[in-house]
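Secondary and tertiary structure notes
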Amino acid sequence: MKFSWKNLLLWSLPILVISFFIWQGFFAPTTNETNNNIANSRMTYGRFLEYLDMGWVKKVDIYDNGHTAIIEAIGPELGNRVQKIRVELPASAPELITKLKKNNIDLDAHPTKNNTAIWNLVGNIFFPLLLITSLAFLFRRSNSTTGGPGQAMSFGKSKALFQIEAKTGIVFDDVAGIDEAKEEFEEIVTFLKKPEYFTAVGAKIPKGVLLIGPPGTGKTLLAKAIAGEANVPFFSISGSEFVEMFVGVGASRVRDLFKKAKENAPCIVFIDEIDAVGRQRGTGIGGGNDEREQTLNQLLTEMDGFEGNTGIIVIAATNRADILDSALLRPGRFDRQVNVDIPDFKGRLAILSVHAKNKKINPNVSLSIIARRTPGFSGADLANLLNEAAILTARQRKTEITLQEIDKAIDRIIAGMEGTALIDSKSKRLIAYHEIGHAIVGTLLKDHENVQKVTLIPRGQARGLTWFTPSEDQSLISRSQIKARIMGALGGRAAEEIVFGDSEITTGASNDLQQVTSMARQMVTRFGMSNIGPLSLENADSNPFLGRGMGSSGEYSDEIAIKIDKQIQDIVQECHKKTIEIIKNNRVIIDKLVDILIEKETIDGQEFRNIIKQYTNIPQKS
Ligand code: ADP
Ligand code: MG
Ligand code: ZN
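Conventions and cut-offs
- Residues numbered from 1 in each chain as written.
- Chains lettered and ligands numbered in written order.
- Predicted model: local features only at pLDDT ≥ 70, side-chain atom pairs only at ≥ 80, totals over all residues.
- Heavy atoms only, no water.
- UniProt positions renumbered as here; feature names shortened; annotations may be inferred.
- Helix = DSSP H or I, 4+ residues; strand = E, 2+ residues; numbered from the N terminus.
- Buried < 20%, exposed > 50% of the residue type's maximum accessible area, 1.4 Å probe, protein only.
- Areas by Shrake-Rupley, 256 points an atom, 1.4 Å probe, with all protein chains shown as cover.
- Donors = N, O, S within 2.8 Å, 3.2 Å for Na, K, Ca; no water.
- Near = heavy atom within 4 Å.
- Polar contact = N/O pair within 3.5 Å; in protein donor to acceptor, adjacent residues only side chain to side chain.
- pLDDT = per-residue confidence, 0-100.
- Contact = heavy atoms within 4.5 Å.
- Salt bridge = Lys/Arg side-chain N within 4 Å of Asp/Glu carboxyl O.
- Pairing = 2+ DSSP bridges.
- Axes fitted to C-alpha atoms, helices over the stretch in contact; angles between N-to-C directions.
- Parallel < 35°, antiparallel > 145°, perpendicular 65-115°, else oblique.
- Left-handed = near helix turned anticlockwise from the far one by under 90°.
- Nonpolar A, V, L, I, M, F, W, Y, C, P; charged D, E, K, R; others polar.
- Patch = residues over 30% accessible without salt bridge, like charges linked within 9 Å, V, L, I, M, F, W, Y side chains within 5 Å.
- Lys, Arg positive; Asp, Glu negative; His and termini not counted.
- Charge placed at Lys NZ, Arg CZ, Asp CG, Glu CD.

- In the nomenclature of an unreviewed UniProt entry, the protein chain corresponds to ATP-dependent zinc metalloprotease FtsH from the organism Bostrychia tenella.
- The annotation that UniProt attaches to the protein chain under Function (unreviewed entry) is "Acts as a processive, ATP-dependent zinc metallopeptidase."

Structure (structure tokens):
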């Protein structure tokens, strides 16, 4: 393309607009600093105050002349990991500083360092400079290629688009406990290493593999291990990063990603959280999302565009395969699906062994005891658990991790940070009765799990806690087991009623009652365990686009709805009656246990049972 005035005019208009835009948006001094501090999650100011009150906030950095804060907090909703969260502060929040000081929270204000004068100066020089250089650049470019104005508009190119790791350094031995998924992936490594084995017999190498599983089960790890084992580069991007302000950015990122990948084949392209872009199109309340759909369409186009044998394997991860657009799952796209589940006992043991390798653990600690105590833990939870235990050990200047630190770490991960026990008071007594109520009902019911410990030391939001030894096989639960759980959960409230009287019962049982109601409801509507008969009337979580509980009604008549409510009520009332009975019949033991609990603040399960045995028989657990 030759230089001409017509061309100059054509070019300068969009450039002016872009430069102005960049100037306003990306280099304005007020947003500059906070942009550096990438805190993706956000929290409302109100929630932040609640976090402050709970003592979950560790550090507060204030930016933008007090308009924004980046906080470091830990809490059960944050997976009990310290996370950076952005909070928009209201225009005037004078009480905040006092509050932060009072709670002794690490506070740092970051004033707008660069005063406006300097920025104006920089702007005065920078703006024309940018204009001139970009003009020069564009002319060079348009001379050498045939691109039109569209090329100049690729905003996406101005930022880091995706992560590239030439070598992930992760091998299959780092991944444990998910053997079926691993097997599937070993084959893919062979595809990447020796494609000719497959092409020789006319086999098409799969293009895409979808990893499905809950967070922290090792999906990212597994994808990296494939790249590591096959010794190929690893390109990754997260679906949530596609959610951008401008339409078209996501699509252009996808295009760039695949362009780079093709240049570097063989390689792995990893798309994390693909559900963020890959939701079923044309659904959702509030209409579709153009940006997301464009991104998704681009992704589909790219995947169709390269031949199966180019050596690119796209691995995507999600925890919600049910909401993915069916187009994604069609042959030639993500036609292989691999489930990665929360590990079972054997899996947990294997994962613990992997993560115990580089830690100094006392030889008396048996990993299988830890594995036994942690049903429901994901791989990430287990890694976190050993790390927490190591931190606790170091804090006490010990040289080896013992079972004591591990126990503490497990408790913290399950129930949140430990608080300090109340001083003796009426409410401490009430909480003691409440907890002993749970514990004794649980102990005296044949179908209930054993008590592991009872404590008055608060954790997270709970003021006292009764821990039960989890049973391993949680997949099949009998009707009498559910009923026992309902009664156990009602034990706290029942003890309050009997000991303190109807007018003194407290809000402390609200969480228990929620569980009770949900268990009873599921007995009736999902498990066919009521007089209505073996009918499935509600799904666990049928409509992902609606909140829980919404949208699941209407599958049965109003008549049935009334029956359901009645059945739930009957179940709970019957259980409540039996629970009250147990409390009444064991009042002497309960009083005794409460005194001990108030004095010692924690009673261990075996000790608890030994005390009860002096008064009554404990049924053999089934
Ligand atoms: P996901 O991507 O499924 O959310 P990640 O792969 O990011 O989970 O896992 C986070 C971390 O948890 C890993 O870096 C690893 O330390 C640990 N982890 C998770 N699953 C496993 C596993 N199966 N074996 C070993 N470590 C694991
Ligand atoms: Mg991940
Ligand atoms: Zn309770």
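Next comes the rest of the write-up.
1. Quick look at the overall build of the protein chain
- Tallying secondary structure elements over the protein chain gives 22 helices and 14 strands in all.
- A burial count over the protein chain gives 43% of its 622 residues as buried.
- Roughly 32,400 Å² of accessible area belongs to the protein chain as shown, and the carbon and sulfur atoms make up 54% of that amount.

2. Observations regarding the coordination of the zinc ion (ligand 3)
- All of the protein donors around the zinc ion (ligand 3) are His434 (NE2), His438 (NE2) and Asp512 (OD); their distances to the metal are 2.0 to 2.1 Å.
- Look at where the donors of the zinc ion (ligand 3) fall in the sequence and you get H-x3-H-x73-D. Of this pair, histidine 438 sits in helix H17 (residues 426–444) while aspartate 512 sits in helix H19 (residues 510–525), placing them 74 residues apart in sequence. For the pair histidine 438 and aspartate 512, a shared accessibility class is recorded, and that class is buried.

3. Details of the site of ligand 1
- Looking at ligand 1, there are 16 residues lining it, with Ala176, Gly216, Lys219, Thr220 and His355 nearest.
- Contact between ligand 1 and glycine 216: an oxygen atom at 2.7 Å from a main-chain N or O atom of the residue.
- Contact distances for ligand 1 include 2.8 Å between a nitrogen atom and a side-chain N or O atom of histidine 355.
- When isolated, ligand 1 has an accessible area of 560 Å², and the protein chains bury 79% of it.
- Listed by contribution, the elements that provide at least two residues to the shell around ligand 1 are helix H9 (219–230), helix H13 (345–356) and helix H15 (379–395).

4. So, the confidence of the model for the protein chain
- The pLDDT averaged across the protein chain works out to 80; a share of 79% of its residues lies at or above 70.
- Of all helices and strands in the protein chain, the one with the weakest mean pLDDT is helix H6 (residues 149–152) (37), whereas helix H18 (residues 479–500) scores best (96).
- This stretch, residues 20–38, has a pLDDT under 50; its non-local contacts, to residues over four places away or in other chains, come to 31 contacts.
- Considering only residues more than four positions removed or in separate chains, one finds that residues 542–553, a stretch of pLDDT under 50, has 13 contacts.

5. Things to note about the pattern of salt bridges
- Within the structure shown, the criterion is met by 23 salt bridges.
- Residues participating in the shared-partner salt-bridge network are Arg373, Asp407, Asp411 and Lys453.

6. Side note on the sheet that holds strand S14 (residues 602–604)
- The three strands lie next to each other as S13-S12-S14, forming an open sheet whose pairing is antiparallel. The two strands at the open ends of the sheet, each matched to only one other strand, are strand S13 (465–468) and S14. Adjacent strand axes in the sheet meet at a mean angle of 10° when their direction is disregarded.
- Across four bridges, strand S12 (residues 451–455) lies against S13 in antiparallel orientation. The residue of S13 that forms the bridge with lysine 453 is tryptophan 467.
- Lying over the sheet, helix H21 (residues 587–600) contacts S12 and S14, oriented at roughly 115° with respect to S14.

7. Topic: the sheet that holds strand S5 (residues 106–109)
- An order of S1-S4-S3-S2-S5 is seen for the five strands of this open sheet, with the pairing classed as mixed. This sheet does not close on itself; its edge strands, each paired only once, are strand S1 (41–43) and S5. With direction set aside, neighbouring strand axes in the sheet form an average angle of 25°.
- Relative to S5, strand S2 (residues 57–63) is paired through four bridges, and the arrangement is parallel. Bridge pairing links isoleucine 62 to alanine 109 in S5.

8. Side note on the packing of H17 against H18
- Two elements in contact, H17 and H18, have axes separated by 7 Å at closest approach and are oriented at 135°. By the angle between their directions, the pair H17 and H18 is classed as oblique. For the pair H17 and H18, the crossing hand works out as right-handed. Taken together, the residues of H18 that come into contact with H17 (itself represented by Lys426, Arg429, Leu430, Tyr433, His434, Gly437, His438 and Val441) are Met487, Gly488, Ala489, Gly491, Gly492, Arg493, Ala495, Glu496, Val499 and Phe500.
- Partitioned by chemical class, the residues of the contact of H17 with H18 number eight nonpolar, six polar and four charged.

9. Considering the environment of isoleucine 406
- The topology assignment puts isoleucine 406 in helix H16 (residues 403–415).
- The class of isoleucine 406 is buried, set by a relative accessible area of 0%.
- Remark: the alpha-carbon pair of isoleucine 406 and leucine 386, spanning 20 residues in sequence, is separated by 7.0 Å.
- Those residues in contact with isoleucine 406, other than ones at most four positions away along the chain, are Val365, Ile370, Leu385, Ala389 and Ile401.

10. Some details on a negative patch on the surface
- A surface patch of negative charge is lined by Asp179, Glu180, Glu183, Glu186, Asp341 and Asp344.
- In this fold, aspartate 341 is placed in the loop between strand S11 (336–339) and H13.

11. Overview of the UniProt feature "active site" (unreviewed entry) in the protein chain
- Following the UniProt record, one finds the feature "active site" (unreviewed entry) at Glu435.
- Relative to the assigned elements, glutamate 435 resides in helix H17.
- In this structure glutamate 435 touches Val454, Thr455, Gly464, Leu465 and Thr466, once residues within four positions along its chain are discounted.

12. Concerning the side chain of glutamate 538
- The topology assignment puts glutamate 538 in the loop between H19 and helix H20 (558–585).
- A relative accessible area of 11% places glutamate 538 in the buried class.
- For glutamate 538, the side chain forms a polar contact with the side chain of tyrosine 556, separated by 2.8 Å.

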